[in-house]
Amino acid sequence: MSSKVYFIKTNIDDEKYYEKISKIIEKTGFYNNLEKNEDVIIKIHGQDLLDTPYISSKNITQIKKRINDKNCNGFLLDSNTLYHTKLDNYDLKDKLNQKGFDNVIYDDSAVSVKINNGILKDVEVIKKVNDSQAMIVISHFKGHSMISFSGALKNVATGCINLNGQIKLHKLVQPIISKIACLACNVCMDVCPEKAINIDSTAHINKELCTGCNICISSCPKNAIKINKINSKQFMKGLSESSYATLNNKKDNKVLFINTLINIKPYYDCNINAEKVLAKDIGILASNDCVALDKASNELINEEYESTDSNENFSENIFQNLWINVDGSLQVKYAEELKLGTQDYELIEL
Ligand code: SF4
Ligand code: SF4
C-alpha cells in the first residue's frame, strides 16, 4: 500500500510560506491522533535554523497551542551537536532564544535500544524521545556528503540520539585521503575540529581521533578526501538502524515528518561551504512515512533540476553528481527494509 505525501508549492519569499506550514500540518490530521496527556516532541534542527529560517517561532507557538488544546504536552527538542566548528549547545540555545525559539531541550541522557543483527548492535536514544508518545519532525532538506541527501531520516537518526551514539554512528564513515592527489597544503588540517589530521609529505587521518564528521571533505582544493562506497553503505545502514531505534515504540499515526525544500544546499549546515544554494525553492512536504517523504523530496528536486539544467554530462540526480561515491537511494532502501515506511507514495498537492 502506498503512503500519502502532502505537498504545497512555495518559496521562502512567499508571504504565505509560514501559513502554508500550518496548513499542511492540519491537512495531515496529526493533531486529531493525539490522546490526552501525551508527551509530544517537536524536533527541530537548531544549527540549520540559524542559517535557514525554514520554520518560524510563530509556527512553533501555534503547534504547541494545538498540542496543548488536546491536553498534551508539546516541547521543542534538539540533539547535542557532534561538530565543534560553529557553536556549542549553550551558544546555540542562546541564539535560538534570540530568534524566539525558547526552551529548546538539549539533554544527553539516553536509553539503549538493542538492534538484533545490526551494524550498531545498540543505539543510545535520547530518553525524552524514547519516553514520548508522539513526535513532529521538521527538517530542512539538503545535500549531504555522506548520504547524498539529508531529510527526515537523517533528522531522526542523528538528531534523536545522544552524543556518544552519534560518535559511534559517524565512526562508520571516516573518510580516506588519496596520497596521489594530496598536495600537503594543510587546509584540511586547519578545518578538522578534532585535530585528527597530520601532514608530512601527504595528509593522514588519525582514526582514533576522527569522529567521521566529514567536514574535511569539501575543504580540500584537490578533491583528495573521499568517502569510500563501503563506508558510505555501512553508514546508511547504521543510520536506518538509528531511525528504527528512535521510532520503533511510536505508532505510525503519532509521528509526523515535514521536509522543507527551500534554500537547497549541496552540503549539510555544519559544512564550511554550506552557504552555496543548489536548486530553486520547491515547497513543503509532509507525511507520516519518513521513507516515502524523503524519496518524494529527492524526486521532486531531481525533476526540477532535470527541467532546468542543460549539462549533458550530468545525470538527472542532482546530489549524485556531487557525491559520486555515495548512493543516496540506499538510505531509503535500508529504512524500508527495516519497515520504517515504503518507497511507494502518492503525492497529494494542496
Ligand atoms: S586539503 Fe587536500 S590537498 Fe590539502 S593537505 Fe588536505 S588532503 Fe591534502
Ligand atoms: S572526518 Fe575529517 S574533519 Fe572530521 S574528524 Fe575526521 S579527519 Fe577531522
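Source: prediction; values computed, not measured.

S.K.: For the overall build of the protein chain, give the residues involved together with the corresponding values.
M.R.: Looking only at helices and strands, the protein chain features 12 helices and 15 strands. Computed over the C-alpha atoms, the radius of gyration of the protein chain is 19 Å, within 12% of the 20 Å expected from 2.2 N^0.38 for a compact globule of 350 residues. With the C-alpha coordinates of the protein chain rotated into their principal frame, the extents come out at 65 × 50 × 45 Å. By the burial criterion, 49% of the 350 residues in the protein chain qualify as buried. If you take every contact in the protein chain between residues at least 6 apart in sequence, the share linking residues at least 24 apart comes to 77%.

S.K.: I'd love a proper account of helix H9 (residues 229-247), names of residues and values included.
M.R.: Think of an α-helix as turning once every 3.6 residues; residues three or four places apart then point the same way. Between its first and last C-alpha, H9 extends 27 Å over 19 residues, near the 27 Å set by a 1.5 Å rise per residue. Burial analysis of H9 places 15 of its 19 residues in the buried class, which makes it a mostly covered element.

S.K.: An account of unusual backbone geometry is needed here, citing residue identities and associated values.
M.R.: One non-glycine residue with positive phi stands out, namely Asn103, at about 60°. Here Asn103 falls in the exposed class, since 12 other C-beta atoms lie within 10 Å of it. Non-glycine residue Asn117 carries a positive phi angle of around 55°. Its place among the elements puts Asn117 in the loop between strand S4 (110-114) and strand S5 (122-126). Classification of Asn117 by C-beta neighbours within 10 Å gives exposed; the count is 6.

S.K.: I'd like a description of the domain arrangement of the protein chain, backed by residues and values.
M.R.: In many analyses, interface size is given as the accessible surface area lost on bringing the parts together. For the protein chain, the assigned domains are domain 1 (3-173 + 229-349) and domain 2 (179-226). Taking only C-alpha atoms into account, the centre of domain 1 sits 28 Å from that of domain 2.

S.K.: Describe the site of ligand 1, listing the residues and the values that go with them.
M.R.: Around ligand 1 there are 15 residues in total, and Cys182, Cys185, Val187, Cys188 and Cys220 lie nearest to it. Residue composition of the shell around ligand 1, grouped by class: 12 nonpolar, two polar and one charged.

S.K.: Explain the packing of helix H1 (residues 17-28) against helix H3 (residues 57-69) to me, and be specific about the residues and the numbers.
M.R.: For the pair H1 and H3, the least separation of the axes is 9 Å and the interaxial angle reads 25°. The orientation of H1 with respect to H3, classified from their angle, is roughly parallel. The element H1 and its partner H3 pack so that their crossing is right-handed. Between H1 and H3, the contacting residues are Tyr18, Ile21, Ser22 and Ile25 on the first element and Lys58, Asn59, Gln62 and Ile63 on the second. Grouping the amino acids of the contact of H1 with H3 by side-chain chemistry returns four nonpolar, three polar and one charged.

S.K.: Explain the sheet that holds strand S1 (residues 3-9) to me, using residue names and the numbers behind them.
M.R.: The strand order S3-S2-S6-S13-S14-S1-S15 describes an open sheet built from seven strands, whose pairing is mixed. Edge positions in the sheet fall to strand S3 (73-77) and strand S15 (345-349), since each has one partner strand and no second. On average, each strand axis in the sheet is tilted by 20° relative to the strand beside it, whichever way the strands run. Sheet contacts for H3: strand S2 (39-43), S3 and strand S6 (134-140); angle to S3, the most-contacted strand, approximately 150°. Helix-sheet contacts for helix H6 (residues 152-159) involve S2, S6 and strand S13 (255-261), and the interaxial angle to S6 is about 115°.

S.K.: Describe the site of ligand 2, and please don't skip the residues or the numbers.
M.R.: Taken together, 14 residues lie near ligand 2, and Cys192, Glu194, Cys210, Cys213 and Cys216 sit nearest. Taken together, the residues that form the shell around ligand 2 break down as nine nonpolar, four polar and one charged.

S.K.: Describe the environment of Asn186, listing the residues and the values that go with them.
M.R.: As for its placement among the helices and strands, Asn186 is situated in the loop between strand S9 (176-177) and helix H8 (187-191). Taking the number of C-beta atoms within 10 Å as the measure of exposure, Asn186 has 11 and is therefore exposed. Counting along the chain gives 161 residues from Asn186 to Ile25, while the straight-line C-alpha distance between them is 47 Å.

S.K.: Could you give an account of the packing of H9 against helix H12 (residues 329-337), naming the residues involved and the relevant values?
M.R.: The contact between H9 and H12 brings their axes to 9 Å, and the two run at 45°. Taken as axis vectors, H9 and H12 run oblique relative to one another. Regarding H9 and H12, the two cross each other, and that crossing is right-handed. Only Leu330, Gln331, Tyr334 and Ala335 of H12 make contact with H9, whose side of the interface consists of Lys233, Met236, Lys237, Leu239, Ser240 and Ser243.

S.K.: Requested: an account of the environment of His140, with residues and values cited.
M.R.: Along the chain, the position of His140 falls in strand S6. With 26 C-beta atoms packed within 10 Å, His140 lands in the buried category. Expressed as a C-alpha distance, the spacing of His140 and Ala152, which sit 12 residues apart in the sequence, is 8.4 Å. Apart from residues lying up to four places away in sequence, His140 is in contact with His45, Asp48, Thr52, Tyr54 and Thr260.

S.K.: Can you lay out the environment of Thr52 for me, pointing to particular residues and giving the numbers?
M.R.: Relative to the helices and strands, Thr52 is located in the loop between helix H2 (46-51) and H3. Residues Thr52 and Ile264, 212 residues apart in the sequence, show an inter-C-alpha distance of 9.7 Å. Apart from residues lying up to four places away in sequence, Thr52 is in contact with His140, Ile262 and Asn263.

What counts as what
Residues numbered from 1 in each chain as written. Chains lettered and ligands numbered in written order. Predicted model: local features only at pLDDT ≥ 70, side-chain atom pairs only at ≥ 80, totals over all residues. Helix = DSSP H or I, 4+ residues; strand = E, 2+ residues; numbered from the N terminus. Rg over C-alpha atoms; globule rule 2.2 N^0.38 Å. Buried ≥ 20, exposed ≤ 12 C-beta atoms within 10 Å, placed from the backbone. Contact = placed C-beta atoms within 7 Å. Expected span 1.5 Å × (residues − 1). Domains from an automatic or database assignment. Near = placed C-beta within 6 Å. Nonpolar A, V, L, I, M, F, W, Y, C, P; charged D, E, K, R; others polar. Axes fitted to C-alpha atoms, helices over the stretch in contact; angles between N-to-C directions. Parallel < 35°, antiparallel > 145°, perpendicular 65-115°, else oblique. Left-handed = near helix turned anticlockwise from the far one by under 90°. Pairing = 2+ DSSP bridges.

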